[in-house]
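Understanding the architecture of this molecule
Letter by letter, the chains look like this.
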Amino acid sequence: MSETAQLILDGITYNLPIVEGTENEKAIDIAKLRDQTGYVTLDSGFKNTGATKSAITFLDGEKGILKYRGYGIEQLAEKSTFLEVAYLLIYGSLPNQTQIQDFQHQISRHTLVHEDMKKFFDGFPSKSHPMGQLSSLVCSLSAFYPESLDPQATKEEFDLTIIKLLAKMATIVSWIYKKSLGHPVIYPKNKLDYVTNFLNMTFGQRTEEVVIDDVVVDAMNKLLILHADHEQNCSASTVRIVGSSDCNLYASISAGCSALWGPLHGGANQAVIEMLEKIKNDGGDVDKWVNKAKDKNDTFRLMGFGHRVYKNFDPRAKIIKKACDDILEKLGINDPVLDIAKKLEEVALSDPYFVERKLYPNVDFYSGIIYRALGFPTEMFTVLFALGRLPGWIAQWKEMRENGDPIGRPRQIYVGENDREYVDISKR
Ligand code: SDX
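This structure is a prediction, so every number in the text was calculated from the model and none was measured.

What counts and how
- Going along each chain's sequence as written, the residues are numbered from 1 onward.
- The predicted nature of this model means local features are confined to residues of pLDDT at least 70 and side-chain atom pairs, given and counted, to a pLDDT of 80 or more, with totals for whole chains, interfaces and linings taken over all residues.
- Remark: hydrogens and water are excluded; side-chain values derive from all non-hydrogen atoms of the structure.
- Under the scheme used here, helices are H or I runs from DSSP no shorter than 4 residues and strands are E runs no shorter than 2 residues, and both carry numbers assigned from the N terminus.
- Residue contacts are counted whenever heavy atoms from the two residues lie within 4.5 Å of one another.
- Salt bridges, as used here, are contacts in which a Lys or Arg side-chain nitrogen is within 4 Å of a carboxyl oxygen on Asp or Glu.
- Working definition: with a 1.4 Å probe on protein chains only, accessible area under 20% of the residue-type maximum means buried, over 50% means exposed, and in between means partly exposed.
- If even one non-hydrogen atom of a residue comes within 4 Å of a molecule or strand, that residue is called near it.
- Residues adjacent in sequence count toward polar contacts only when both atoms are side-chain atoms; beyond that, a polar contact is any pair of N or O atoms within 3.5 Å, and within protein one must be able to donate a hydrogen and the other to accept it.
- All accessible areas in this document rest on Shrake-Rupley with a 1.4 Å probe, and a residue is counted as covered only by the protein chains that are shown.
- For this classification, the nonpolar set comprises Ala, Val, Leu, Ile, Met, Phe, Trp, Tyr, Cys and Pro, the charged set comprises Asp, Glu, Lys and Arg, and every other residue, Gly included, is treated as polar.
- What counts as a domain boundary in this text is fixed by an automatic or database domain assignment.
- A simple way to read buried area is as the amount of 1.4 Å-probe accessible surface that goes missing from two parts once joined, with both sides added.
- Strands were regarded as paired on the criterion that DSSP finds at least two bridges between them.
- In a helix, the anticipated span is given by 1.5 Å times the number of residues less one.
- Angles here are taken between N-to-C directions and fall from 0 to 180 degrees, while the axes themselves are lines fitted to C-alpha atoms, restricted in helices to the stretch in contact.
- Note on aromatic contacts: the rings of Phe and Tyr and the six-membered ring of Trp form a pair at centre separations within 6.5 Å, being stacked when their planes are under 30 degrees apart, edge-to-face when over 60 apart, and tilted otherwise.
- The rule is short: NZ of Lys or CZ of Arg within 6 Å of the ring centre and within 35 degrees of the ring normal puts a charge over the ring.

This brings us to the side chain of His129. Here His129 lies in the loop between helix 5 (117-123) and helix 6 (130-144). In this structure, His129 is in contact with Trp261, Gln270 and Glu379, ignoring residues within four places of it in sequence.

Below, the structure written as structure tokens:
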């Protein structure tokens, strides 16, 4: 492999360094391009632009490979737990028995949120979208823990902020759900493991002991693992760029929640169910809706289909699709939208429009069906995506700081007006 790329500009040849990663990905390092040539590059949506070097997650879009810190997603989804995967993503290796017990213990000491935060919950209109609440509430944690604002804090102080956020996020998510129902919130029970505690705060009752089904715990662990990180996606890049200004972790993660909310990103899991419901209520004519998705004059898109990186299949979608059948069977649920989803996938994957554009089901296509089977309302789906993605966002933010990445500030090509003279309003 050559060490440099040659660029010939205005008759001058420039040698640009080549960078190769541990999975043989290659990049042209343009860090000095403008200084050397006066030119910048242009790449709307950063489809061809690497923002950083990272050791957290590896994707191969052509082969449908996803690995967290070198471990294949298939083995983690099958054998690990969400808390163990969170530790792996944030600290770089799987924890031993002592480390995972200490991690769980530390988290269990910080699951409560300040009672004054209830005033924020009460301030939201009852039907306000859970993602708007989540983004606000996560940012408000910085008000209760002002020591987290110090960019020069010690490693121990940063680690404590990470523990607090992981612990309190589950409480906040469950309380958002309870408030949406007008039900009293359920406080954390620290003898329960992370996922069971979250499910108990979500589905538990004040008036009676509710036993959380192991099938639900296993399904929730698997879903949270599958959502835990995905390298430099829209929301992770948002977390990194906000954090690159030395902004605190709470506000950086809050910005990530906002980016995830969009229906082209994490909001797609809600949009998929709404789309499937619409097709069902319209008589289930899948061909009609596939044709609408292909029609350039129609704004309708097949939500849960297509991906910026995966141009073969999304390995997460394969795992979730299989889990769908298992979980619905174990819970004895027959959900008609699952049949529509499968028919939609079958028709789309045999249609040249989708095949030519390499559009396959992504992580969001089947996940909503499982969330619904577990008892969650549609508007909570993206909040659950955020709960799963939290350790990935934290790992990306931590790596950005530890690597000393500079503040993110892209360049542009100006295409506006040139010199204009000010004219008094009376003469315009
Ligand atoms: C997530 O980046 C990540 O890693 C994200 C994520 C993560 O874990 O963080 O994986 C989570 O966000 C998954 C994606 C969820 N979003 C959706 O399901 C929304 C529907 N999909 C799309 O809107 C779209 O596919 C994107 C946003 C996912 C990707 O968009 P790109 O890469 O910018 O591709 P594009 O919009 O340029 O589309 C290329 C072509 C276009 O047609 P042409 O102009 O070439 O004729 O494919 C078409 C698009 O019109 N197209 C679709 C389509 N997705 C792309 N046509 C119909 N239905 C679709 N869903």
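Now that the structure is up, let's keep going.
Counting across every chain of the model gives 24 salt bridges. The closest approach of N and O atoms between Asp116 and Lys119, which form a salt bridge, is 3.1 Å. Of the residues examined, Lys119 reaches a relative accessible area of 57% and is grouped as exposed. Each of the salt bridges in this network shares a partner with another, and the network as a whole consists of Glu277, Lys280, Asp335 and Arg372.

Let us look at the site of the ligand. Neighbouring the ligand are 25 residues; His230, Arg301, His307, Arg308 and Arg316 lie closest to it. Within the backbone of Leu302, a nitrogen or oxygen atom sits 2.8 Å from a nitrogen atom of the ligand. Within the contact set of the ligand, a nitrogen atom lies 3.0 Å away from a side-chain nitrogen or oxygen of Tyr353. Against a free-state accessible area of 1,100 Å², the protein chains account for coverage of 79% of the ligand. Grouping the amino acids of the shell around the ligand by side-chain chemistry returns ten nonpolar, seven polar and eight charged. Taken together, domain 2 (66-265 + 389-402) and domain 3 (268-374) each give at least three residues to the shell around the ligand, which thus spans both.

Okay, the domain arrangement of the chain next. For the chain, the assigned domains read domain 1 (4-63), domain 2 (66-265 + 389-402) and domain 3 (268-374). When each unit is reduced to the centre of its C-alpha atoms, the spacing between domain 2 and domain 3 is 27 Å. The interface of domain 2 with domain 3 comprises 20 residues on the first partner and 19 residues on the second. For the pairing of domain 2 and domain 3, the buried interface totals around 1,700 Å² over both sides, and the portion due to carbon and sulfur atoms is 72%. Inspection of the domain 2/domain 3 interface yields five residue pairs in polar contact (both at pLDDT 80 or more). Of all the secondary-structure elements, those providing two or more residues to the side of domain 2 that touches domain 3 are helix 2 (73-79) and helix 9 (214-226). If you tally residues by element for the side of domain 2 that touches domain 3, the top one is helix 9, at seven residues.

Pairing is antiparallel in the open sheet, where three strands are placed in the order 4-5-6. Each edge of the open sheet is held by one strand with a lone partner, namely strand 4 (57-60) and strand 6 (71-72). Bridge count for strand 4 against strand 5 (residues 65-68) is four bridges, and the pairing is antiparallel. What sits directly across from Leu59, in strand 5, is Leu66.

Between its terminal C-alpha atoms helix 11 (residues 249-261) stretches 18 Å, which fits the 18 Å expected from 13 residues at 1.5 Å a residue. Judged by how many residues are buried, helix 11 sits mostly within the fold: eleven of 13 residues are covered. Of all the residues in helix 11, the buried ones are Leu249, Tyr250, Ala251, Ser252, Ile253, Ser254, Ala255, Gly256, Cys257, Ala259 and Leu260. Where helix 11 begins, the capping side chain belongs to Asn248, and its oxygen is found 3.1 Å from the backbone nitrogen of Tyr250.

Our next topic: the sheet that holds strand 3 (residues 26-28). Taken together, three strands build an open sheet; the order of strands is 1-2-3 and the sheet is antiparallel. Among the strands making up the open sheet, the edge pair consists of strand 1 (4-9) and strand 3. The average angle at which neighbouring strand axes cross in this sheet is 30°, direction not considered. Across six bridges, the pairing between strand 1 and strand 2 (residues 12-20) is antiparallel. Bridge pairing in strand 2 places Ala5 opposite Leu16.

Another aspect to go through is the packing of aromatic side chains. Taken as a whole and assessed by the stated rule, the structure comprises 20 aromatic pairs. Ring centres of Phe120 and Phe144 lie 6.0 Å apart, and the angle between their planes is 65°; on these two criteria the pair is classed as edge-to-face. Residue Phe120 is found in helix 5, and its partner Phe144 is found in helix 6; the two are separated by 24 residues along the sequence. Phe120 sits in the partly exposed class, given a relative accessible area of 36%. Here the aromatic rings of Phe365 and Tyr366 are separated by 4.9 Å at their centres, their planes lie at 85°, and the arrangement is edge-to-face. Of the two residues, Phe365 and Tyr366, neither departs from the other in class, the shared state being buried. Ring pairing ties together the aromatic residues Tyr177, Phe198, Phe203, Tyr371, Phe376 and Phe381, which thus form one cluster. Against the face of Trp289 rests Lys292, its NZ or CZ located 5.2 Å from the ring centre. Just above the ring of Phe313 sits the side chain of Lys318; from NZ or CZ to the centre is 4.4 Å.

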